[in-house]
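Overview (structure and organization)
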Amino acid sequence: MAEIAEKPKRGRPSQGARDAVVDAARELFMDRDYAEVSTAEILARAGVSRGALYHHFSSKRELYRAVWRDSESRLIERLGDAATGAGTPFEALGLAFGAYLDEAVSNREMRRIGLLQSRTVLGWEEWRQGISDLGLAAMAGGVQAAIDARQMRPTDVESAAHLLLAALIESALLIVTSEDPAAARSRAEPPLMEMLEGLRR
């Protein structure tokens, strides 16, 4: 009968539930280390059921990986925005490097999730595989663009991208583990930029 409402159909957990879980986990992982955050806390903050969480993520570790990848993707977008004012691809690399160091000083999410926990939680191999289409891909694209513009000496792009990214991350780690991040940034930037300049054509 028309006046009898149909029972709502039970559907798949929504994308909104996934986003809520990721957002809640991000907030908690920014405050405390991965091992100190329980699944129950994440569920309570997200306001979703355990079933909804495990529909999207098979484990807390997989959830952390999603949080980390989302954080890294947004960071790469911001670095790209910071480099838009560059006149050349080589200058764009320098601007992106400087912006990355700025983020290490001021961005708590990057410090806690991107730098201080990711390799410990995911393990070296999974972390390294994870950056292949994130920071490493962005770095390789920048190096290739500079070579194509004849602003960087011809070199193996993959090797150069790995080495430059490693130097960039280690510089950021010096910053985030320092009692005076701003001072550490001032000390780390000159040798980092000298390494980049060494590749200029």
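What this report covers is the structure whose coordinates are included nearby. (Residues numbered from 1 in each chain as written. Predicted model: local features only at pLDDT ≥ 70, side-chain atom pairs only at ≥ 80, totals over all residues. Heavy atoms only, no water.)

1. Section: the packing of helix α5 (residues 89-106) against helix α11 (residues 181-197)
Closest axis-to-axis distance for the α5/α11 pair is 10 Å, and the angle between their directions is 160°. For the element pair α5 / α11, the angle class is roughly antiparallel. Judged by the sense of rotation from one axis to the other, the crossing of α5 with α11 is right-handed. Contacts between α5 and α11 involve Phe90, Leu93, Gly94, Phe97, Gly98, Leu101, Asp102 and Val105 on the former and, on the latter, Pro181, Ala182, Arg185, Glu189, Leu192, Met193, Leu196 and Glu197. (Axes fitted to C-alpha atoms, helices over the stretch in contact; angles between N-to-C directions. Helix = DSSP H or I, 4+ residues; strand = E, 2+ residues; numbered from the N terminus. Parallel < 35°, antiparallel > 145°, perpendicular 65-115°, else oblique. Left-handed = near helix turned anticlockwise from the far one by under 90°. Contact = heavy atoms within 4.5 Å.)

2. Focus: the layout of surface pockets
For the largest pocket, the calculated volume is near 440 Å³. Considering the residues around the largest pocket, the lining is formed by 26 residues, among which Ile76, Leu79, Gly135, Ala138 and Met139 are closest to the centre. Contributing elements (two or more residues each) for the lining of the largest pocket: α4 (60-82), α5, α6 (108-115), α9 (135-148) and α10 (157-176). Of the residues that constitute the lining of the largest pocket, the class distribution is 21 nonpolar, 4 polar and 1 charged. Computed from the structure, the second largest pocket encloses a volume of approximately 160 Å³. At the level of secondary structure, the elements contributing two or more residues to the lining of the second largest pocket comprise α8 (124-130) and α10. Of the residues forming the lining of the second largest pocket, the biggest block, 5 residues, is contributed by α10. Broken down by class, the residue content of the lining of the second largest pocket amounts to 7 nonpolar, 1 polar and 3 charged. (1 Å grid on protein atoms, 1.4 Å probe; cavity = no way out; pocket = protein on both sides within 12 Å on 5 of 7 lines; lining within 4 Å. Points joined across faces, edges and corners; volume = space filled by probe spheres on them. Nonpolar A, V, L, I, M, F, W, Y, C, P; charged D, E, K, R; others polar.)

3. Here we look at the packing of aromatic side chains
Following the criterion strictly, the structure yields 4 aromatic pairs and no others. Judged by centre distance (5.7 Å) and plane angle (35°), the rings of Phe29 and Tyr34 are tilted. Tyr34 matches Phe29 in its accessibility class, with the two residues each being buried. When the centroid spacing of 5.7 Å and the interplanar angle of 85° are considered together, the rings of Tyr34 and Tyr64 count as edge-to-face. Residue Tyr34 is located in the loop between α1 (15-31) and α2 (39-46), and its partner Tyr64 is located in helix α4; the two are separated by 30 residues in the primary sequence. What makes Tyr34 buried here is its relative accessible area of 17%. Over the ring of Tyr34 we find Lys60; its NZ or CZ atom is 4.2 Å from the centre of that ring. Here the guanidinium or amino end of Arg119 rests over the ring plane of Trp127, the centre of that ring lying 4.8 Å away. (Phe/Tyr/Trp six-rings, centres within 6.5 Å; stacked < 30°, edge-to-face > 60°. Buried < 20%, exposed > 50% of the residue type's maximum accessible area, 1.4 Å probe, protein only. Lys NZ or Arg CZ within 6 Å of the ring centre and 35° of its normal.)

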